[in-house]
Amino acid sequence: MSVRERALAEQAVLSALASARGRGKEGLSEEQLQQLNSAVEALEADGGVANPTTLPTLDGRWRLLYTSRPGSASPIQRTFTGVEAFSIFQEVLLTQEGGGEDGVEGGPRVNNVVEFGALGFLKVEAQASTDGRPLPGFTPRQGEGLPLFGKSNNYPAARPNMRIDFQFDRAAFNFRFLPFTIPYPVPFRILGDERKGWIDVTYMNADSTFRLSRGNKGTLFVLAKDIPIKQRLMDAIAAADDEMVMSLVALLEQDCPTPAPARSPLAAGNWRLVWTQQAESASALQKWGSKQAESFQVIDAESGTAANIVRLGGWGTVRANATVEAATDSRTSVDITDAALYVGPLRIPVPSPVRGAKGSTPGYIDWLYLDEDTRITRGSKGSLFIHRREEA
């Protein structure tokens, strides 16, 4: 696959997951599942970077975006991953040096973390073994295992330096309101092979921010490196990497921090347009304005009005006024009332689909993401907008 084909396939995975809930437990249509599986198949056939378990960039904290749910998966795995309120991460620490007695405190490790919001988190930790850094005395898992813990596969890795064998050795609940941890009630050290498993890195992109993996129980995992996605988005905009922008938008859309964004006080304010993808059906005025250096939208919640403002250097301004109202928790209706070009004291009307004009209908914007300083919206004609808050 070419670099562009890989980027498009990654974007297809992320866009298919945009409506998923519970990391794929629900919310995916048959069409979205087909899109997801087709893109995953293409990426895994390509493999991405070679020898991923030898790369220091595999290390880090990875957010779980999606997991399949085969019948062979363990009941514990299916339960935790399906809870939308939890955040789930995998910590990969393959370049970590050994330190503690019997290697427990150091050496390569791979840990699973379930965060319970403000309450705290559960960390399940495991020693790791790879082709390049085998764990002394470690014997990989053999046999299918007990049905209670899920059926395990035994096939060899498809390529060198893609498999991480592991054995769980400890786990604990860390509640922020307690000064001590609570041990996880599973006696790993007496479970033998049942505490062992493996995970294959079946695809990882060149910048080590997107990964596909498959576990010994047949589960597919889709993960993204837990780098602040907003910062990555701004970097992609600055680099004019539109395909990366689209992929990151799909990630942010899954994790909007503001409930009911269309009704939130955060929606109001002075917003500067920093990136847009214009739909073919967008109006000529909208397409033109999006290409200008200074384009803003100002929303006044108290008056229920908004203004789209394009500053034309020092000689003029184009302004389109509208009334706005929350139609749903995530949609704002927009009804344009007038538009004009202002040059000094002159006001020159600009043709636009204003309210009351023949054939005109109110438009809308859908809020995909909103926080204190960033918003991502999609207009009624399909155009995508990224704005950053600015002081008026």
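One can find the structure itself at the top, above this paragraph.
The structure reproduced in this document is the subject of the present report. The residue count restarts for each chain, going from 1 along the sequence in the order it is written. Per-residue local features of the predicted model are confined to residues with pLDDT of at least 70, and side-chain atom pairs are confined, for both listing and counting, to 80 or more; whole-chain, interface and lining totals are unaffected and use all residues. No hydrogens and no water enter the side-chain calculation; it runs on all heavy atoms of the structure.

Points about the nonpolar core
Then step 1. Here, nonpolar core means buried Ala, Val, Leu, Ile, Met, Phe, Trp, Tyr and Cys residues that are tied together by side-chain atoms lying within 4.5 Å of each other. Using a 1.4 Å probe on the protein chains alone, a residue whose accessible area is under 20% of its type maximum counts as buried, one over 50% counts as exposed, and one in between counts as partly exposed. Counting 38 residues, the largest nonpolar core has Val-13, Leu-17, Leu-233, Ile-376 and Ile-386 as its most contacted members.
Then step 2. To qualify as a helix, a DSSP run of H or I must reach at least 4 residues; to qualify as a strand, a run of E must reach at least 2; elements of each kind are numbered from the N terminus. Among the elements that line this core, the one with the most residues is helix α5 (residues 242-253), at 7 residues.
Then step 3. Each of two domains, domain 1 (3-226) and domain 2 (231-389), supplies a minimum of three residues to this core.
Then step 4. By definition, residues are in contact when any of their heavy atoms lie within 4.5 Å. In contact with Val-13, not counting residues within four places along its chain, are Leu-36, Ala-39, Val-40, Leu-43, Phe-210 and Val-222.
Then step 5. In terms of nonpolar packing, the next biggest core, distinct from the first, is built from 25 residues, Leu-64, Ile-88, Ile-164 and Met-204 among them. Where each domain starts and ends follows an automatic or database-derived domain assignment.

Some details on the environment of Ser-213
Then step 1. Inspection of the secondary structure assignment puts Ser-213 in strand β8 (residues 210-215).
Then step 2. Considered as a pair, Ser-213 and Met-162 are 51 residues apart in the sequence and their alpha carbons are 9.4 Å apart.
Then step 3. Discounting residues that sit within four places of it in the chain, Ser-213 has contacts with Ile-199, Asp-200, Val-201, Thr-202, Thr-219, Leu-220, Phe-221 and Leu-223.

Looking at the packing of aromatic side chains
Then step 1. Aromatic contacts are taken between Phe, Tyr and Trp rings whose centres are within 6.5 Å, Trp giving its six-membered ring; a plane angle under 30 degrees counts as stacked, one over 60 as edge-to-face, and the others as tilted. Counted by the stated rule, this structure contains 10 aromatic pairs.
Then step 2. For the ring pair Phe-86 and Phe-116, a centre distance of 4.9 Å and an interplane angle of 75° mean the geometry is edge-to-face. In this pair, Phe-86 is assigned in the loop between α3 (75-81) and β2 (87-93) and Phe-116 in the loop between β3 (109-115) and β4 (120-129), connecting sequence segments 30 residues apart.
Then step 3. Seen in terms of ring centroids, Phe-116 and Phe-173 are 6.3 Å apart; in terms of plane orientation they differ by 25°. Their pairing is stacked. Here Phe-173 lies in strand β5 (residues 163-175) and Phe-116 lies in the loop between β3 and β4, a separation of 57 residues in the sequence. The pair Phe-116 / Phe-173 is uniform in exposure class, with both members buried.
Then step 4. Taken together through their ring pairs, the aromatic side chains of Phe-86, Phe-116, Phe-166, Phe-168, Phe-173, Phe-175, Phe-177, Tyr-184 and Phe-188 make up a single cluster.
Then step 5. Comment: the charge-over-ring label is applied if NZ (Lys) or CZ (Arg) is within 6 Å of the ring centre and within 35 degrees of the ring normal. Arg-61 extends its terminal NZ or CZ atom over the ring of Phe-89, reaching a point 3.7 Å from the ring centre.
Then step 6. Of note, Arg-331 hangs over the ring of Tyr-364, and the distance from its end group to the ring centre comes to 3.6 Å.

Focus: the pattern of salt bridges
Then step 1. Between Lys or Arg on one side and Asp or Glu on the other, a salt bridge is scored when a side-chain nitrogen of the former is within 4 Å of a carboxyl oxygen of the latter. Scanning the entire structure with this criterion turns up 21 salt bridges.
Then step 2. Residue Glu-44 pairs with Arg-214 through a salt bridge whose shortest N-O separation is 2.9 Å. One end of the pair, Glu-44, is in helix α2 (residues 30-46); the other, Arg-214, is in strand β8, with 170 residues separating them in the sequence.
Then step 3. For Glu-44, a relative accessible area of 17% translates into the label buried.
Then step 4. Classification of Arg-214 by relative accessible area gives partly exposed; the value is 26%.
Then step 5. Here Arg-272 and Glu-390 are joined by a salt bridge, their closest N and O atoms 3.5 Å apart. One end of the pair, Arg-272, is in strand β10 (residues 269-277); the other, Glu-390, is in strand β18 (residues 384-390), and 118 residues separate them in sequence.
Then step 6. Residue classification places Arg-272 among the partly exposed positions, given a relative accessible area of 23%.
Then step 7. Relative accessible area serves as the criterion here: at 31%, Glu-390 is assigned to the partly exposed category.
Then step 8. Sharing partners across several salt bridges, the network here consists of Arg-61, Arg-63, Glu-91, Glu-115, Lys-123 and Asp-226.

Here's the deal with the pairing of strand β17 (residues 374-379)
Then step 1. Of all 6 residues making up β17, 5 are buried, and the element is well covered by its neighbours.
Then step 2. Strand pairing is assigned whenever DSSP identifies at least 2 bridges connecting the two strands. Where strand β16 (residues 363-370) folds back onto β17 in an antiparallel hairpin, the turn is made up of 3 residues.
Then step 3. Bridge count for β17 against β18 is 5 bridges, and the pairing is antiparallel. Looking at β18, one finds that Ile-376 is bridged to Ile-386.

Worth remembering: the numbers are spatial, not functional.
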